[in-house]
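# Residue-level structure breakdown
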Amino acid sequence: MSSFAKDFSKAMSQAGPSQFQEVIRQELEDSMKIELDKILATAPSNELEHTKKDLEGFKKLFHRFLQEKGPSVDWGKIQRPPEDSIQPYEKIKARGLPDNIASVLNKLVVVKLNGGLGTSMGCKGPKSLIGVRNENTFLDLTVQQIEHLNKTYNTDVPLVLMNSFNTDEDTKKILQKYSHTRVKIYTFNQSRYPRINKETLLPIAKDVSYSGENTECWYPPGHGDIYGSFYNSGLLDNLIAEGKEYIFVSNIDNLGATVDLYILNHLMNPPNGKRCEFVMEVTNKTRADVKGGTLTQYENKLRLVEIAQVPKAHVDEFKSVSKFKIFNTNNLWIALSAIKRLQEKNAIDMEIIVNPKTLDGGLNVIQLETAVGAAIKSFENSLGINVPRSRFLPVKTTSDLLLVMSNLYSLNAGSLTMSEKREFPTVPLVKLGSSFTKVQDYLRRFESIPDMLELDHLTVSGDVTFGKNVSLKASTTLPSRLALQLWVHAPQFGILAFLELTNLVPFSMLL
């Protein structure tokens, strides 16, 4: 570790401000500025202005990183949100829709966070280009949803994609296929920041290139970067000039995040006459969501508290489904004029997420990131809406992919809806083993997608493949060794029968 980093670490561990701490901070900032200036000097003329904006943004984030003591909240200040600050969706929906819903829709822009790669599912390129249903990709389904809106209501709702330097080129190539759809599609890139050596607290990049050996030197700094990047791209001002007033922001891999007309109407025609600048959709926690960020009242503002901010002594309390009953879906509705105002005042406050990484060569680095929902406390008249679980349908793993590809859902105009034949309001809990992690392996192991309408829980481990016409019901556990316990339908008895088959490795389910 460098002497600067050692001294800084030692000084920051001591309680209370001191002149010594400030000297160390300043030395670190000066060293960082020198390194960033060297990197900027390698930028070609056509990239100079854009690179300069990125590095200025990073410099501000690094300054805050050195100034702030840590992400933890003062647990004693956390309060239950006021009753009217989180509205039930049923109450929003009960207001109905106005006759002029088209004019309301024409004020809307749909923004999808499209910076992620499909590497966690064994795919190359943007995650949004993975096929998820009937050979449709996440991006296909998004375009279909918005085109259906525009055709149905004769409106002009555009789609904006926030790409990263990892996804921009491949995404733009694909966009040509939508040139004849009734959807205007715009893109802008989130910033490109240098990774920091954990020991020296200096950037590992030596020049601006981000290909070949330098691929690991740079990273997109989380979706909280949307505010600055959107503003810097000029697209924010252009959309405001066109008369757009709100953006609906969501992760592109959340297939439940469709435009909701009732929420939009509530924004545009508030019952109390005072418009919300920021609405966060939350939904009830289940056992699978205990780590999700939750809305609280903190220093007289609605605030998103993430598990990384919770003091260790209170982590179990934070995970409690009975005490903290809701979590953030990352479906957000934000006023464009408010983003512009706050951005120009440099008044958007988001906690810094320090994300440690180990590169392929073994080097330990850190990434400084922010989350889009954390900015809720910076906006006026913010609101949470407790929406149905159906609006949170993320596809992060092949286990999630199995759910959305199955007969649990029907597809209409790009939107997935739960089958009416499903007797339970929730989806099954599915846990596919490591043999299914990569999409290619997952697809090879299913000759056809099983009937899952009556399934409650599925756990699969080991070398298991599924044949045609498989029907999974109740609670099903498929281990690779030991006993295979499987509930199957027994028509001759009109009941569910229980089978136990032993030592089948590999096992091919051909029912």
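Residues numbered from 1 in each chain as written. Predicted model: local features only at pLDDT ≥ 70, side-chain atom pairs only at ≥ 80, totals over all residues. Heavy atoms only, no water.

### Thoughts on the UniProt feature "binding site: substrate" (unreviewed entry) in the protein
As annotated by UniProt and renumbered to match this structure, "binding site: substrate" (unreviewed entry) occupies His223. Structurally, His223 can be placed in the loop between β10 (218-219) and α8 (226-233). With relative accessibility at 25%, the residue His223 sits in the partly exposed group. Apart from residues lying up to four places away in sequence, His223 is in contact with Leu113, Met162, Asn251, Asn330, Thr370, Ala371 and Val372. (UniProt positions renumbered as here; feature names shortened; annotations may be inferred. Helix = DSSP H or I, 4+ residues; strand = E, 2+ residues; numbered from the N terminus. Buried < 20%, exposed > 50% of the residue type's maximum accessible area, 1.4 Å probe, protein only. Contact = heavy atoms within 4.5 Å.)

### Points about the environment of Pro425
Topologically, Pro425 is positioned in the loop between β20 (415-418) and β21 (429-432). A sequence separation of 35 residues divides Pro425 from Ser390, and the C-alpha atoms of the two residues are 9.1 Å apart.

### Observations concerning the sheet that holds strand β13 (residues 294-298)
Strand order across the open sheet formed by 3 strands is β1-β13-β14, with antiparallel pairing between neighbours. A strand with exactly one partner marks an edge of an open sheet, and here the two such strands are β1 (78-79) and β14 (301-305). Strand direction decides the pairing type here: β13 and β14, joined by 5 bridges, are antiparallel. Looking across to β14, one finds that Leu295 is bridged to Leu304. (Pairing = 2+ DSSP bridges.)

### Points about helix α12 (residues 336-344)
Those residues of α12 lying buried are Leu336, Ala338, Ile339 and Leu342. Angular distribution of buried residues about the axis of α12 spans 160°; they occupy a single face of the element. Close packing links the buried residues of α12 with α8, α9 (235-241), β11 (246-251) and β15 (326-335). The positive-phi residue at the C-terminal boundary of α12 is Asn346, with phi of around 55°. (Arc of directions from axis to C-beta.)

### Notes on the packing of helix α2 (residues 19-40) against helix α3 (residues 48-67)
Interaxial distance between α2 and α3 falls to 11 Å at its minimum, and their mutual angle equals 165°. Of the possible angle classes, the one that applies to α2 and α3 is roughly antiparallel. At the point where α2 passes α3, the crossing takes the right-handed sense. Taking contact as the criterion, the partners of Glu22, Arg25, Leu28, Glu29, Met32, Lys33, Leu36, Ile39 and Leu40 in α2 are, on α3, Leu48, Thr51, Lys52, Leu55, Phe58, Lys59, Phe62, His63, Leu66 and Gln67. (Axes fitted to C-alpha atoms, helices over the stretch in contact; angles between N-to-C directions. Parallel < 35°, antiparallel > 145°, perpendicular 65-115°, else oblique. Left-handed = near helix turned anticlockwise from the far one by under 90°.)

### Things to note about helix α13 (residues 398-405)
Residues lying three or four places apart along an α-helix face the same way, a consequence of the helix completing one turn every 3.6 residues. Burial analysis of α13 places 7 of its 8 residues in the buried class, which makes it a mostly covered element. Along α13, the residues classified as buried are Thr398, Ser399, Asp400, Leu401, Leu402, Leu403 and Val404.

### Section: the packing of α8 against α12
Closest axis-to-axis distance for the α8/α12 pair is 10 Å, and the angle between their directions is 95°. Here α12 runs roughly perpendicular to α8, going by the angle between their axes. Residue-level inspection shows Tyr227, Gly228, Phe230 and Tyr231 of α8 in contact with α12, the latter providing Leu336, Ile339, Lys340, Gln343 and Glu344. Taken together, the residues of the contact of α8 with α12 break down into 5 nonpolar, 2 polar and 2 charged. (Nonpolar A, V, L, I, M, F, W, Y, C, P; charged D, E, K, R; others polar.)

### Some words on the pairing of β14
Where burial is concerned, most of β14 is hidden: 4 out of the 5 residues are buried. Here β13 folds back onto β14 in antiparallel fashion, the turn holding 2 residues, of which Glu299 has a positive phi close to 55°.

### Side note on the sheet that holds β11
Pairing within the open sheet is mixed, and its 8 strands lie in the order β2-β18-β12-β15-β11-β3-β6-β7. In the strand order of this sheet, the two ends are held by β2 (86-88) and β7 (185-189), each with one partner. Each strand axis lies, on average, 25° off the axis of its neighbour in the sheet, ignoring direction. Here 4 bridges tie β11 to β15, and the two strands are oriented antiparallel to one another. Looking across to β15, one finds that Phe248 is bridged to Trp333. Across the sheet, helix α6 (residues 138-153) lies against β3 (108-114), β6 (159-163) and β7, angled at about 155° from β6, the strand it touches most.

### A short note on the pairing of strand β18 (residues 383-386)
With 3 bridges joining them, β2 and β18 adopt parallel strand pairing. For Pro88, the partnering residue across the bridge sits in β18 and is Asn386. One ladder, built from 4 bridges, connects strand β12 (residues 278-284) with β18; its direction is parallel. Counted as the bridge partner of Val279 is Leu383 from β18.

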